[in-house]
Amino acid sequence: MTVSAERVGTQTRVCLWAIGPGTDALTVGDTVGDRYEVIAPQIWKDRQPATPPATPDTWPAAVRPYLQAHRQRVHVPGVYDVVPQPGKKAPWILLENAPINPRSGELLPTLAEQWSTVSAVRQLSWLWQIWQLWQELQPLNVASSLLNAENVRVEGWRVRVLQLLPDTDPPTLKALGDSWMPMIDSAQAAIAASLTSVVQSMTTSDLAPEQLSVDLNYLLLRESATHRPRFSVAGGTHPGPTQARNEDACYPVGEQPEIPTPRIAIVCDGVGGHEAGEVASQIVVRSLQPQLQGLLAECGREEIAVPLQVVAQQIEAAIRVVNDLVNSQNDLQGRSERQRMGTTLVLALVVPQRIKTPQGWIQVEELYIAQVGDSRAYWITPDYCHQLTVDDDLAGRETRAGRAFYSDLRDRPEASSLTQAIGTRPSHYLTPHVQRLTVDEEGGLLLCTDGLSDHYQVENAWANYIGLITKDIISLQSAVDSWVELANQKNGHDNVAVALMHVKPLLQNAFGAPPETPDAADDTATEADLTDASKALLYGEEAAVPSADDPANSSGAPKAVVPHWWLAIVAFGILFFAGLFGWWIAGQLSAPPAEGEIESVE
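Residues numbered from 1 in each chain as written. Predicted model: local features only at pLDDT ≥ 70, side-chain atom pairs only at ≥ 80, totals over all residues. Heavy atoms only, no water.

Draft legend 1. Summary view of the overall build of the chain. The helix and strand inventory of the chain stands at 16 helices and 19 strands. Of all 602 residues assigned to the chain, the portion counted as buried reaches 59%. Restricting the contact set of the chain to residue pairs at least 6 apart, pairs at least 24 apart contribute 75%. As displayed, the chain has an accessible area near 23,800 Å², and 52% of this comes from carbon and sulfur atoms. (Helix = DSSP H or I, 4+ residues; strand = E, 2+ residues; numbered from the N terminus. Buried < 20%, exposed > 50% of the residue type's maximum accessible area, 1.4 Å probe, protein only. Contact = heavy atoms within 4.5 Å. Areas by Shrake-Rupley, 256 points an atom, 1.4 Å probe, with all protein chains shown as cover.)

Right, here's the structure in full:
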């Protein structure tokens, strides 16, 4: 990874949503200032996209929630510019990343408009996203944005907010339930009764937020079993045409067969002094695999679904283990500041889950994504390309702190400096970002380093690749090789690593097959494959979870109890695993540090 202005580049068409008094009175064709053109009601086009607008010295209070919600960019727009008005008129606020079709320049449809046309899985996925976003927007006093039907838009699988609306009164769970109530009548038959029960509980009783999470998650997992996907994974890396060594690493290298189901994909981009970045990325890729395989094996043996937050915590714990492993080697070798080695990380993990229903046991595949640094994950279908991750960089940190607009910062040379990476500091300073992606359509999950993502190469080229994959015109490995070649030709300034996971849901009767036993799950590892550290990390007391037919459960979903034992187990695993690998890695890193440059980690 190099420090330079490699992020500089613009997309060819920037469509903006304009808000503020009087924006709805402008007509198509009007120009504003010397750079904006009205192309539809409240939709403007920037005629100078190559020159980002500068952050003004002052801006209205309505701007701040957008800056604070920067990490929610997959759902929430960001501020692009503030256009002052003469006299005492309120300025106009222009929003980028708004739910506007960039090809047609029209707003995407509302959730209400699309609700009756989609599957039960997608209906539940949309509600789950709203509920997760509700919890993020409440502290910013803009959760009311999710109560306005015209303000909640959809693009394929994801929910998108048109603009952030301030709360006049603190919104309640009952208000959220009331906003969902009109959709009950047109919910798919498979979920209508259960969803009605959940929504009625929201509107008529003091339903705890934790229980709503459990109920919605259970329904989503149950329905996801009817679209159990097939996965295939391939990966590749290249030093690039101008670099002497390759600090990027990935897993797998080559293509994994479909049986057993490929469940792990990892991409790393090393940073540090002489050869240190290469070492750090290799350590993380190799050390993460046994831990993740252990987690998969454990989840596959459980007779109940491991709660989402516990899976996320276990993934975070595995990342902290490898972070402390690299960090201890930095300390052992006396590396400081820019000489401390580290690496970015983005990974995908397909977790097998089993849930009990009145009809029997069913298995579900959950897709988790974790990220640290600026390596990215994209979900790509023939219709769209969505960036799923948000970079841990200086531009993002300054935006969330409310000091500047991301549109002004992102293409500056210093903006790509990392604010965190694996191994540069102790794990208590590390904040891995873990999310679950509900997949109900065929597509590709692309993991890549900035050797590919710089200059908007993914956003500009995705349509040339995805059709070839989904139509089986080229192999997955050929697609990976093509992405790597594109990076070398169009960027070429850096190493590149790519992992591509092809996901193809297969519609099936979730209850047609006989119940599986835990041992029948297609695990990627067995108990014998686990290291002592992985066992220490994963094993512990099971949580008590009532069955789905428990009469005390008013919504029909199991009331999962999130276990508290994992903290002690994880702490022991971190210490044990770091010590176990420390002595082994020490021999690999005995060369003294040399002068060199790395990207700053602040």
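Draft legend 2. The arrangement of the sheet that holds strand β19 (residues 496-505) in detail. Reading across from one edge, β11-β9-β19-β18-β15-β16 is the order of the 6 strands in this open sheet, with antiparallel pairing throughout. Every interior strand has two partners, whereas the edge strands, β11 (254-255) and β16 (385-387), have only one. Relative to β16, strand β15 (residues 376-380) runs antiparallel, the two sharing 3 bridges. Each bridged residue has a counterpart across the sheet, and for Ile380 the counterpart in β16 is Cys385. In the packing of helix α13 (residues 463-470) onto the sheet, contacts are made with β15, β18 (443-448) and β19, and the angle to β19 comes to roughly 45°. (Pairing = 2+ DSSP bridges. Axes fitted to C-alpha atoms, helices over the stretch in contact; angles between N-to-C directions.)

Draft legend 3. Region of interest: the pairing of strand β12 (residues 264-271). Among the 8 residues in β12, 8 count as buried, and that is most of the element. Of the two faces of β12, both are covered, the one formed by Ile264, Ile266, Cys268 and Gly270 as well as the one formed by Ala265, Val267, Asp269 and Val271. Bridge count for strand β10 (residues 248-251) against β12 is 4 bridges, and the pairing is antiparallel. In the strand pairing of β12, Asp248 is matched with Asp269. Pairing geometry for β12 and strand β13 (residues 342-357), over 8 bridges, is antiparallel.

Draft legend 4. Molecular detail of helix α4 (residues 173-180). Regarding α4, the residues found buried are Leu173, Leu176, Gly177 and Trp180. When α4 is viewed along its axis, its buried side chains cluster within an angular range of 100° and face the same direction. For α4, the elements touching its buried residues are α3 (120-137), α5 (189-204) and α6 (209-224). (Arc of directions from axis to C-beta.)

Draft legend 5. Layout of the environment of Asp450. Mapped onto the fold, Asp450 is located in helix α11 (residues 450-453). Residues Asp450 and Ala497 lie 47 residues apart in sequence; the distance between their C-alpha atoms is 8.6 Å.

Draft legend 6. Quick peek at the nonpolar core. In terms of nonpolar packing, the biggest core is built from 99 residues, with Trp180 and Ile266 touching the most fellow members. When residues of this core are assigned to their parent elements, the largest contribution, 11 residues, is made by α3. If sequence neighbours within four positions are ignored, Trp180 has contacts with Leu127, Ile130, Trp131, Val199, Met202 and Leu216. Counting residues in each nonpolar core, the second largest holds 24 residues, with Ala377, Leu388, Ala499 and Met501 among its members. (Core = buried A, V, L, I, M, F, W, Y, C linked by side-chain atoms within 4.5 Å.)

Draft legend 7. Structural view of the sheet that holds strand β17 (residues 433-437). Here 5 strands make up an open sheet; going across it, the order is β10-β12-β13-β14-β17 and the pairing antiparallel. Looking at strand neighbours, the two that pair on one side only are β10 and β17, the edges of this open sheet. Across this sheet, the average inter-strand angle for adjacent strands is 20°, counted without regard to direction. Strands β13, β14 (360-372) and β17 of the sheet are contacted by α6, whose axis makes an angle of about 85° with β13. Of the strands in this sheet, β10, β12 and β13 touch helix α7 (residues 276-301), which is tilted by about 5° from β13.

Draft legend 8. Summary view of the pattern of salt bridges. By the definition in use, this model includes 23 salt bridges. The residue Arg71 makes a salt bridge to Asp392 at a minimum N-O spacing of 3.3 Å. Of this pair, Arg71 sits in the loop between α1 (64-68) and β5 (78-83) while Asp392 sits in the loop between β16 and α9 (394-400), placing them 321 residues apart in sequence. Under the relative-accessibility criterion, Arg71 is labelled partly exposed at 24%. One salt-bridge network, in which partners are shared between bridges, spans Arg73, Glu96 and Arg410. (Salt bridge = Lys/Arg side-chain N within 4 Å of Asp/Glu carboxyl O.)

Draft legend 9. Summary view of empty space enclosed by the protein. One pass over the structure, following the stated rule, counts 5 cavities of 30 Å³ or more. Of the voids in this model, the largest cavity is the one considered here, and its volume is about 150 Å³. Looking at the largest cavity, it is lined by 15 residues, and the ones nearest its centre are Ser224, Glu365, Glu366, Thr438 and Val439. Put simply, the parts of the chain that give the lining of the largest cavity at least two residues each are α6, β9 (229-238), β14 and β17. Among the elements that take part in the lining of the largest cavity, β14 stands out by supplying 4 residues, more than any other. For the lining of the largest cavity, the per-class residue count stands at 8 nonpolar, 3 polar and 4 charged. Here the second largest cavity defines a volume of roughly 60 Å³. Together, Tyr66, Leu67, Ala69, His70, Arg73, Val76, Pro77, Gly78, Val79, Glu96, Thr399 and Tyr406 line the second largest cavity. Elements with a contribution of two residues or more to the lining of the second largest cavity: α1 and β5. (1 Å grid on protein atoms, 1.4 Å probe; cavity = no way out; pocket = protein on both sides within 12 Å on 5 of 7 lines; lining within 4 Å. Points joined across faces, edges and corners; volume = space filled by probe spheres on them. Nonpolar A, V, L, I, M, F, W, Y, C, P; charged D, E, K, R; others polar.)

Draft legend 10. Broad picture of the environment of Pro352. Mapped onto the elements of the fold, Pro352 is located in strand β13. Overall, the relative accessible area of 1% leaves Pro352 in the buried class. Separated by 13 residues in the primary sequence, Pro352 and Glu365 have C-alpha atoms spaced 4.8 Å apart.

Draft legend 11. Just the environment of Pro109, in detail. Its location among the elements puts Pro109 in the loop between β6 (92-96) and α2 (111-114). C-alpha of Pro109 to C-alpha of Glu150: the two residues are 41 residues apart in sequence and 8.9 Å apart in space.

Draft legend 12. Molecular detail of the side chain of Asp167. Within the secondary structure layout, Asp167 lies in the loop between β8 (158-161) and α4. Of the side chains bearing the opposite charge, Arg64 lies closest to the buried Asp167, which forms no salt bridge; the N-O distance is 15 Å. At 3.2 Å, the side chain of Asp167 and the backbone nitrogen of Ala143 are in polar contact. A distance of 2.6 Å separates a polar atom in the side chain of Asp167 from a polar atom in the side chain of Ser144. Not counting residues within four places of it along the chain, the set of residues in contact with Asp167 comprises Asn141, Val142, Ala143 and Ser144. (Lys, Arg positive; Asp, Glu negative; His and termini not counted. Polar contact = N/O pair within 3.5 Å; in protein donor to acceptor, adjacent residues only side chain to side chain.)

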